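Residue-level structure breakdown
What follows is the residue order along each chain.
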Amino acid sequence: MSKTVEYLKTRRSPKKYVESYKLSDQEKEVILEASRWAPSSVGLEPYRILFIENKEIREEMKEFCWNQPGTATSSAMQIWIGYKEEIMKNKIIPSQNERNVPEGFEKAREYRVLAYENVKSGFEIDNDQFCARQAYISLGCALVAAEEIGIDFCPIEGMLPRKIEKILEKHNLIDLENEFICVAAFMGKVDKESRNYHAFDKLRREKNEVYKIVE
Ligand SMILES: Cc1cc2nc3c(=O)[nH]c(=O)nc-3n(C[C@H](O)[C@H](O)[C@H](O)COP(=O)(O)O)c2cc1C
């Protein structure tokens, strides 16, 4: 069996965390590097990441994270920050073009701008959805890497992102003219001493309901 499949089968999204657990530098590095090396459409990497260990800031966020215990008791909250349309067009796409496409390949650079527009129109999504989709891929990579090194990791959509953004702004952690929250995650060590530290049994739909191989 593939290790990745094994990780996905055995990992759980924790509901309660060991509050005293501090992530090592190496653990943080693995999770953040897995997030950074994720693929993205047109290679645009249209997000940056806040990795918040600071408990006071997370305590402020708790009521806007549906009062989820992990907000402040997990070891860290990772937040993917997407770029709004203006900055994507004026800064992110040009700088990614410079980084990823060698000078002299002007047509390839133009093609990438067009590809970004065509993905949005083809899938009928706006810039923010485009960025968020890429952030979710990064989140998936981080989740698997976390399991590989024994860190319990829970993706988080249970939040009011517009309210959380205001808290981040107050701490000078986000530029709301140009940025927005895509998605988040809590991580640390699950607290097995605590009640309901996981939801119910881990189950998935049957293979034949989920996929069909067309030969
Ligand atoms: C995008 C996304 C958002 C999620 N948001 C939350 C959340 O806010 N709170 C929570 O407790 N679990 C959250 N989960 C965890 C799911 O409930 C969980 O993955 C699912 O029930 C399967 O359980 P498992 O992760 O233990 O296999 C989220 C999962 C994903 C993928």
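Our structure is the block above this text.
Here goes a summary of the coordinates provided. These numbers come from a predicted model, not from an experiment.

1. Side note on the overall build of the protein chain
When you go through the protein chain residue by residue, the secondary structure sums to 9 helices and 4 strands. Element order for the protein chain, N to C, with α for helix and β for strand: α-α-β-α-α-β-α-α-α-β-α-β-α. In terms of overall size, the protein chain behaves like a compact globule, its C-alpha atoms giving a radius of gyration of 19 Å where 215 residues would be expected to give roughly 17 Å. Once the C-alpha set of the protein chain is aligned to its principal axes, its extents read approximately 60 × 55 × 30 Å. Relative to its full complement of 215 residues, the protein chain shows a buried share of 41%. For the protein chain, the share of sequence-separated contacts (at least 6 apart) that also reach a separation of at least 24 residues comes to 77%. For the protein chain, the accessible surface area stands at approximately 12900 Å², while carbon and sulfur atoms represent 52% of it. Of note, the protein chain has its 34 positive side-chain charges centred 4 Å away from the centre of its 37 negative side-chain charges.

2. Some points on the pairing of strand E4 (residues 179-188)
With 10 of its 10 residues buried, E4 lies for the most part within the structure. When strand E2 (residues 76-83) meets E4, the two strands line up antiparallel, connected through 8 bridges. Bridge assignment links isoleucine 81 to a residue of E4, and that residue is isoleucine 181. Across 5 bridges, the pairing between strand E3 (residues 152-156) and E4 is antiparallel. Each residue of the ladder has a partner; that of proline 155, found in E4, is alanine 185.

3. Overview of unusual backbone geometry
Glycine aside, residues mostly have negative phi, and peptide bonds are mostly found in the trans state. Although it is not a glycine, valine 42 sits at a positive phi angle of roughly 60°. Along the polypeptide, valine 42 turns up in the loop between helix H2 (25-36) and strand E1 (47-52). The phi torsion at glutamate 45 lies on the positive side, around 40°, for a residue other than glycine. Relative to the assigned elements, glutamate 45 resides in the loop between H2 and E1.

4. Looking at the site of the ligand
With respect to spatial proximity, 13 residues lie near the ligand, and among them Ser13, Lys15, Gln68, Gly158 and Lys202 are the closest. For the ligand, whose free accessible area comes to 620 Å², the fraction covered by protein is 68%. No other element matches E3, which puts 3 residues into the shell around the ligand. Grouping the constituent residues of the shell around the ligand by class yields 4 nonpolar, 3 polar and 6 charged.

5. A look at the environment of tyrosine 136
By the element assignment, tyrosine 136 lies in helix H7 (residues 127-148). Its relative accessible area of 33% is what places tyrosine 136 among the partly exposed residues. In this structure, tyrosine 136 is in contact with Glu157, Cys182 and Val183, ignoring residues within four places of it in sequence.

6. Considerations on the packing of aromatic side chains
The final tally for this structure, using the stated rule, is 2 aromatic pairs. For the pair tyrosine 116 and phenylalanine 130, a centre-to-centre distance of 5.3 Å together with 90° between the ring planes defines the contact as edge-to-face. One end of the pair, tyrosine 116, is in helix H6 (residues 106-122); the other, phenylalanine 130, is in helix H7, and 14 residues separate them in sequence. Since its relative accessible area comes to 0%, tyrosine 116 is described here as buried. We classify phenylalanine 130 as buried; its relative accessible area is 0%.

7. Some details on the side chain of serine 40
Position of serine 40 among the secondary structure elements: in the loop between H2 and E1. Engagement of the side chain of serine 40 in a polar contact is seen with the backbone nitrogen of leucine 44, the distance being 3.2 Å. At 2.9 Å, the side chain of serine 40 forms a polar contact with the backbone nitrogen of glutamate 45.

Conventions used here
Residues numbered from 1 in each chain as written. Predicted model: local features only at pLDDT ≥ 70, side-chain atom pairs only at ≥ 80, totals over all residues. Heavy atoms only, no water. Helix = DSSP H or I, 4+ residues; strand = E, 2+ residues; numbered from the N terminus. Rg over C-alpha atoms; globule rule 2.2 N^0.38 Å. Buried < 20%, exposed > 50% of the residue type's maximum accessible area, 1.4 Å probe, protein only. Contact = heavy atoms within 4.5 Å. Areas by Shrake-Rupley, 256 points an atom, 1.4 Å probe, with all protein chains shown as cover. Lys, Arg positive; Asp, Glu negative; His and termini not counted. Charge placed at Lys NZ, Arg CZ, Asp CG, Glu CD. Pairing = 2+ DSSP bridges. Near = heavy atom within 4 Å. Nonpolar A, V, L, I, M, F, W, Y, C, P; charged D, E, K, R; others polar. Phe/Tyr/Trp six-rings, centres within 6.5 Å; stacked < 30°, edge-to-face > 60°. Polar contact = N/O pair within 3.5 Å; in protein donor to acceptor, adjacent residues only side chain to side chain.

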